[in-house]
Each structure stands twice: as structure tokens, then as C-alpha cells.
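Chains, contacts and geometry: an overview
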Amino acid sequence: MRVSYNWLREYVPLEQSPTQLAEILTMAGLEVDEIINLGASYRSLNLGQVASITPHPKTDKLYLCRIRLYDGEVNVITAAKNLKVGDIVPLALPGSQLPDGKIIQPAEFQGIISEGMLCSEEELGLARQSEGIMVLPTGTDLKADLPTVLGLDDYVLVLELTPNRADCYGMLNLAREVAALTGARVNLPASPVQETEDPIRDLVTVEVINPELAPRYAGRVLLDVEIGESPLWLKTRLLAAGMRPINNLVDLTNYVMLEYNQPLHAFDLNQMAGRKIVVRSARQDESIKTLDGEERKLHPGQLVIADAVRAQCIAGVMGAFDSEVTASTRTIFLESAYFAPVSIRRTAQELAIRSEAAIRFGKGLDPETVPLALDRVAFFAQQLGVARIAKGVVDCNTKPAATRKIWFRPEKINALLGTKLETGYIREIFQRLHFKIEEDSTDGKTYVLPPSYRLDIENEADLAEEVARIYGYNEIPATYPAAQIIGKLTPEQEFTAKTREFLLGLGLSEIITYSFHGEKMFDRLHIPAGHPLRQAVKMKVPLSEEGSLMRTTLLTGVLETLSYNASRNRHDLKVFEIAHVYHLKANTGELPDEPMHLAGGLSGRLEEPGWNQSDREVDFYDGKGLLETLFSHLRVKEVSYRRGEHPVMHPGRTAVIEASGRQVGFVGEIHPAVKKEFNLTAPVVLFELNLDQLWQGAEKAVIRVTPLPKFPPILRDLAFLLPEKVAAQDLVNLFHEISGDKLEAVNLFDVYQGDKIPSGYRSLAFSLTFRLPDRTLQDEEVNTIMEKIITTAAERCQAQLRA
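The following paragraphs examine the structure supplied in this document. (Residues numbered from 1 in each chain as written. Predicted model: local features only at pLDDT ≥ 70, side-chain atom pairs only at ≥ 80, totals over all residues. Heavy atoms only, no water.)

Turning our eyes to something else, we now look at the overall build of the chain. Along its length, the chain carries 20 helices and 39 strands. Computed over C-alpha atoms, the radius of gyration of the chain comes to 40 Å, more than 25% over the 28 Å expected from 2.2 N^0.38 for 803 residues, which places it beyond the range of a compact globule. Its C-alpha atoms put the chain at 125 × 85 × 60 Å along the principal axes. Burial statistics for the chain: of 803 residues in total, 48% are counted as buried. Excluding contacts between residues fewer than 6 apart, the proportion of contacts in the chain whose partners are at least 24 apart in sequence is 68%. (Helix = DSSP H or I, 4+ residues; strand = E, 2+ residues; numbered from the N terminus. Rg over C-alpha atoms; globule rule 2.2 N^0.38 Å. Buried < 20%, exposed > 50% of the residue type's maximum accessible area, 1.4 Å probe, protein only. Contact = heavy atoms within 4.5 Å.)

The structure is reproduced here in C-alpha cells:
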């Protein structure tokens, strides 16, 4: 929001400098990001008077002008034909800089040197295009400052408004704010309108079919319109606000929009079929060619302004090409409306249109301003001779804004602020802000009624904030809140934090990736149709096609990170991510589940290259070992691994992980096809865990320390020849089942396939440690257990004891 200091002074008698005013506004919550000296880009330009004009001796397209300055004369060559002797004109001498940054240098034209350049309104940034040199008023002093002559000796305050203060997009509302902050009196402009005898009801018919999308819709008819140039004061006001002047009518509507924060739209009434204005929802398969020349397909629910035949404007967003006001337009229907903000925001997003009107309508406007803005344009149109005004206003106010009443309790305001302000002073602040105070005889309470343009005031906390802003935040004493409860992490959060810290300690790097991706990501992961991982939450308004779905697995971010680094020749990585994934629920309309997951990837070599390090590359057992270490640190109980499958993983090198009977995740090597999709060449091991499920399987009791064993162990080794399909874990489970509490530990120390081992078989060798905490085991007891293990293994697993 760009605010002209001079324009603001027309409404509020300011004694503060632009810098002081910026400080006041910033301290009141209206941050001033920048102060621009508007006249600075014109300071190097001069004023000159045409002393003589003669044709160029070598061409009939140029003229040689003798320009008189206050301290001398120069020769300037121009092609402009609108000059005459005595005209006062802007002049850029050699070394001067134009507003667009161009530096003027002497130039030769057919053998004659031009000692500068005469400036047009276009070159000064005062018009989109112009046909001649700008001529200034007769009698202008040649010593005068050009920015002062143009009305550009001004400062612009650039405000960074928060979403709740959209009212300050209007100069009048900002003036009210400044008056309240400085104690000055605001002077609101009067806009008396002299109407013709032509009643508006005979000129146009207005019908609002969807009042829920357009609670208030109003309009005036302008007759005998004369489209032309805007006066200089109007152009400079728009330039200060960052807008380019176009023509008198468009400039007037833009000026009033900036003044009242009320966008307006002008229709060429002669181009509206049946001279009818219909406010309705778009029809199925309806399209419109907008002012930018784009053909846009509309959908039901998007509000349009139509004539008797077709849509002529996307309400609150952009007008149509066919009903645009042109130089030949003579009769105009001027629209002013309050549209439902949510509808405008949604339409602008769906059609990818970001217009000044859409931004303002989308933030919410004051319905009471609708007719005032119409009268303001009509007033200026009369004053400038732009048009005559038809009698009457069409005003379809189907849903008048309800009056907001907020209980006024000074003690509550002081309690919220930590102050001891007197009731009379608080009342004075509300009066300065144009808030009404009303006593209710029915309940004996006092209420504050905020003005219609302050849509952000809803409750007592908002009233307290207003008091704090005007009183001054820096006047409120600093105190520390009395904390009753010391904040800390929940046990689940501590578990997650402990997981993160441990993985970092193991040398893994944490990554943070986007929570969304596109449909194509599932294809890259080779996830088949109908798989649960494809049941993703779809975003209503996606940032792009590649960001339309919420992720169902963290492997997407892990693989993209590995791929990004591999493309830059970084293959040796160990990364992890802890974040939420999103799973649809069975019942439509319910919010999705958001479990916390941990996923990671190891790629390339296990260790950094070095004279004392091996060049071994990662494999399945590195990933499994890392997780076993993590589970031990987190005290996860009853962890087991079994052969499993996952679309992303290698079918023969993947294990499903269970803890306390719950499936908590998987670990394994990447599927070759997926590896190719992500352009990975080094070995890759992936894992993903559901931390919520893992937390359920973790021990939460206090750690108990047990003394070192007093009694010696008995060690036994077993080597079995087994079919390949028998998992080592099956044998380990069998050992524990038969041995009970006498078996302290089992270690698989050898796996062998090769010479003297039949095809389809392998040899597994285990070391078993037997011990009891309260007595010494006897060899006979262990021998009995071993015999039963050998017999049972042969029956269940077709195991053959090897010598």
C-alpha cells in the first residue's frame, strides 16, 4: 500500500514530517516499510521556454528549437509538432536522468547538435502514451522546481498491512487512523451530485439472482461520456499510488478505489444486450474473453455480471473484452458492489487472476461504502466535464450488514493490557476511532459499536488492542507472565526427539522435504493402482500439478534427496527425515490420519574414503544393524524381522519389522526399477518406521540395573543344514521356545552355501549361551535341551545337524 503524504494531508492537518508519521504508524501496528521521495527522480530536469522554432535545414521531419532557460539558452531538436513560441516545457539537459533511469547525452541530428531533450508526459511517466511535448501552464516560473510544478514534490509511505487491517487500503480510512493517533480532526470530502431528469430505471435493468454471492450491488448511469486525458493533479495522485494514468474515466474509478477502498467497474451500456445487468453464477461450460485477451472457461459457483445473453465480467476479478469502455463509449453503467470475499478469492485462484480488485474484494470490504463510491465518481465526472449523471441509483441491498455490539468493560481491558487506564480515557480513545458507545437499558450493560469499515473488531480482546495501539505499546509497562505450569515435551515428543538425536549421533544427516507431490511420483515409485499408498489426500487449491497430493510415505523425499545429490556426484550419503504422512480415512469428509514417520536412506560406501577404511558399499545388513542399534537405544521390546515385500523395495532383500506384535515398518534394498527411475547408480538401502506404533512397543518403565551374573555360562554351538526358505529367525524362536529362561543369548555366527552344500540348501551355525541367575546349570540339563532342539528342528524345519 503506497500512501501519498500530500494526499493524506488533504484529509488530516499533519504537523509531523513523513519520517515522524512513519514512526507513529509503525508503532500503532501499521508498519511503514519504506519512505520514497517521489520528486527525487525529477530533480535533475529543468524548465524552459520556447524562444523560437525553425525547420531543420536538412529534413522536414525535425524542428530546431531555441529554448530559453533562467540562466541562458540552448538548442534542442525535436519532432514534436504541438509547440509554439512562448510555451513552457520540461527540459532534460545533458547529464540529466529521466524517471525511467535513462541518462540524456548530447545528440547529433543531420549535422546539428541537440543540447538536451524536450520531455513528453509519457517520458515523464505521467501517461501511458502521448503525441507531443508536455506544455506547462503559462506564466510558470523558469526557476521553479519541476516536481513542485507537476505536483510531485511528495513523499510516499509504503505500508506493509496485515490481513486484518484491509480497511487501511483506503486513503479515507487511513486518514481516520492517522487522526486518531495524532489527535487531529479528519476532514472527509463532500460529494454533491447534480442529476439530470433522465431516470435510471428507464435506462437499465438490474437483477441479482445470487444474492448470497453479491449481498449488495449498486450502480449509476453516466450519460454523454467524453473519454479523454486526465488533469495533472489526478495523474500525479495515481503515480504516487503506483498506478499508470490511462484516461479520465478509468483514472477516476482508480482514484476513488484508492480513496474509499471500493473497486468500481464501468460497462459500455450500449454493448450490454437488452441494457440489462444480471448478477448470477456462471453456467456450465460458459466462457468469457477477459480484458487481457484470454479466453477463460467458467464453472458454476463463480459469480459473473452478465447482460441478457452472456457473461460480461467475472465479478470482482476482471471485466470482459467486449464490454470494455473505449473512446467511442457514450453511455456507461458504473458498478459498485460488495461481493462475498470467499467467493472472490476462490474464483481468482481457480482462474489464476491476480487483479487489484480481486485482492481488495478478497480481503473483505465495507458494504456501506458501496453507494458513497458511486457518488464520489459522479461528483468528479461532473466537475471535470466527463459525463452527465442520470437520476437515481440502483441499490440492491439484499443483506444489510448487522450491527456489531461488544460488551464494554474497562476493567477487562485493563486486565488484558496490564494497565490502570481511567474509563474516561478509554472512552475518549474509542471516540477518536469513531467507535460508538451505547448504553443498553434492558440489561444495564455498556456496548461499543465499531464502524462498518472496521471488520476486524469482533470481541473484547480486539477492543483492548485498539486501546493499546492508541495509548502506545511503549507506554505499557513490561511484565513477565506468571506461569502456573512449566512447559515440557510430552513423552511421545521426547521419544521422537531422542530418536532424532540418536540418528544424528550415528552420523546421519536430517533432511526436511515438501509434504506434497504429484500423481507421477507414485508411478516413479512403481506403486501399483489400488495400493493403499496411492490413496492420497488431494489439495483443493494445489500450488501446481506436481504439488497436488499430500504424501503417504516419506520415501518420496528421501529418494529425491539421494537423486539430487547423485546428480552432483555425491553418492555416499546417510540421511533421515522425521515428519507426518497423511492417510485418508474410510469415512468421506473426516480429517486424515497424520501418523509420525521416520524414513531414511543409506547409499554408496558405508565409510568415508581413507587409508584405514574399507571401500565396502552398503547392503541390507547395514540398514538392519542401524535399526537394531536404534531399537536397543529406544528400548523397543520384542523386535522381530521377517521376509516381506514393498513396491519400492527389492523383493528378495526386504524385511518387515514387528515390535510387540505390531508391524512398525520395513527395511531393505531399493527395487532396481525404482533405482533407475531416480537415476541412482550406487547401492541404496531404505527404511521407514511408524514412530507412533514404535512408541507403543517401547518400554516406558524406569530402567532397572541388574548385577553381573554370579554363575558361569554353558556354551554350545549348533550347525544345521536347512532349506533356503527357512528363516534364521524361525530357528532362533524355536531355541527360545524349548529352552525357556535357561537360554540367555543366541548368536548367528556363520552362513554358508557352496562346496558340499546341496542346491537349495544353506548351512547356519549358531552359538547358544545358557545361564540361570540363581544357580549353576548342569551339563545334563543343557544336553537334554540340545537334544530336544535338534529333534524339533528336524521335524519342523527339515534341519539336519552338521558334524
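For the rest of this paragraph, the subject is the pattern of salt bridges. This model, assessed by the stated rule, comprises 48 salt bridges. Ionic pairing is found between R469 and E177, a salt bridge with its closest N-O pair at 2.4 Å. Of the two residues, R469 is situated in helix α12 (residues 460–471) and E177 in helix α4 (residues 171–182); the sequence distance between them amounts to 292 residues. Take R469: its relative accessible area is 5%, and that puts it in the buried class. The exposure class of E177 is buried, given its relative accessible area of 3%. One salt bridge in this structure joins E466 and R454, with 2.9 Å as the shortest N-O distance. Residue E466 is located in helix α12, and its partner R454 is located in the loop between β26 (446–449) and α12; the two are separated by 12 residues in the primary sequence. (Salt bridge = Lys/Arg side-chain N within 4 Å of Asp/Glu carboxyl O.)

Counting through the fold element by element, S114 comes out in strand β8 (residues 112–114). Judged by its relative accessible area of 2%, S114 falls in the buried class. There is a polar contact of 2.9 Å between the side chain of S114 and the backbone oxygen of G116. When residues no more than four places from it in sequence are discounted, the contact partners of S114 are N75, V76, I77, P106, A107 and F109. (Polar contact = N/O pair within 3.5 Å; in protein donor to acceptor, adjacent residues only side chain to side chain.)

In this section: a negative patch on the surface. Taken together, the side chains of E31, D33, E34 and E160 present a region of like negative charge at the surface. The element that contributes the greatest number of residues to the negative patch is strand β2 (residues 31–37), accounting for three residues. Mapped onto the elements, E31 comes out in strand β2. (Patch = residues over 30% accessible without salt bridge, like charges linked within 9 Å, V, L, I, M, F, W, Y side chains within 5 Å. Areas by Shrake-Rupley, 256 points an atom, 1.4 Å probe, with all protein chains shown as cover. Lys, Arg positive; Asp, Glu negative; His and termini not counted. Charge placed at Lys NZ, Arg CZ, Asp CG, Glu CD.)

Glancing now at the pairing of strand β31 (residues 596–603). The buried count for β31 comes to eight of eight residues, which makes it a mostly enclosed element. Because side chains alternate across β31, one face comprises the buried residues M596, L598, G600 and L602, and the other comprises H597, A599, G601 and S603, equally buried. Here strand β30 (residues 573–580) pairs with β31 via eight bridges, running antiparallel. Counterpart to H580 in the pairing with β31 is M596. For β31 and strand β35 (residues 684–690), the ladder comprises seven bridges, and the chain directions are antiparallel. Within β35, the residue paired with S603 across the bridge is V684. (Pairing = 2+ DSSP bridges.)

A large share of helix α5 (residues 232–240) lies buried, amounting to seven of its nine residues. Within α5, the full set of buried residues consists of L234, K235, T236, R237, L238, L239 and A240. Against the buried residues of α5 lie β1 (2–4), α1 (5–9), α3 (146–150), β10 (155–160) and α6 (248–260). Immediately beyond the C-terminal end of α5, within one or two residues, lies G242, with a positive phi of roughly 90°.

Take unusual backbone geometry next. Of note, the phi angle at N261 is positive, near 55°, even though the residue is not glycine. With respect to the secondary-structure elements, N261 resides in the loop between α6 and β14 (264–268). Overall, the relative accessible area of 6% leaves N261 in the buried class. Not every positive phi belongs to a glycine, and R635 is a case in point at roughly 60°.

On to the environment of F631, then. Here F631 shows up in helix α16 (residues 620–634). A residue is classified by how much of its surface remains accessible, and F631, at 3% relative accessible area, is buried. Along the primary structure F631 and G444 are separated by 187 residues, whereas in three dimensions their C-alpha atoms are 66 Å apart. With residues up to four places along the chain from it excluded, the contact list for F631 reads V636, V639, Y641, I657, L689 and L694.

With antiparallel pairing, the four strands of this open sheet are ordered in space as β37-β38-β36-β39. Edge positions in the sheet fall to β37 (743–752) and β39 (800–801), since each has one partner strand and no second. In the sheet, strand β36 (residues 714–723) pairs with strand β38 (residues 761–770) via 10 bridges, with the strands oriented antiparallel. Among the inter-strand pairings, L715 is bridged to a residue of β38, identified as T769. Lying over the sheet, helix α19 (residues 728–739) contacts β36, β37 and β38, oriented at roughly 35° with respect to β38. In this fold helix α20 (residues 779–797) packs onto β36, β38 and β39, with an angle of close to 10° to the strand it touches most, β36. (Axes fitted to C-alpha atoms, helices over the stretch in contact; angles between N-to-C directions.)

Here we come to the sheet that holds β1. Here three strands make up an open sheet; going across it, the order is β1-β10-β2 and the pairing antiparallel. In this open sheet, the two edge strands, each paired with only one partner strand, are β1 and β2. Neighbour-to-neighbour, the strand axes of this sheet turn through a mean angle of 30°, independent of strand direction.

On to the packing of helix α2 (residues 18–27) against α4. Running from amino to carboxyl end, α2 crosses α4 at an angle of 90°, the nearest separation of the two axes being 11 Å. Classified by the angle their axes make, α2 and α4 are roughly perpendicular. Residues L21, I24 and L25 of α2 form the contact with α4, whose participating residues are V178, L181 and T182. Per-class residue counts for the contact of α2 with α4 are five nonpolar, one polar and no charged. (Parallel < 35°, antiparallel > 145°, perpendicular 65-115°, else oblique. Nonpolar A, V, L, I, M, F, W, Y, C, P; charged D, E, K, R; others polar.)

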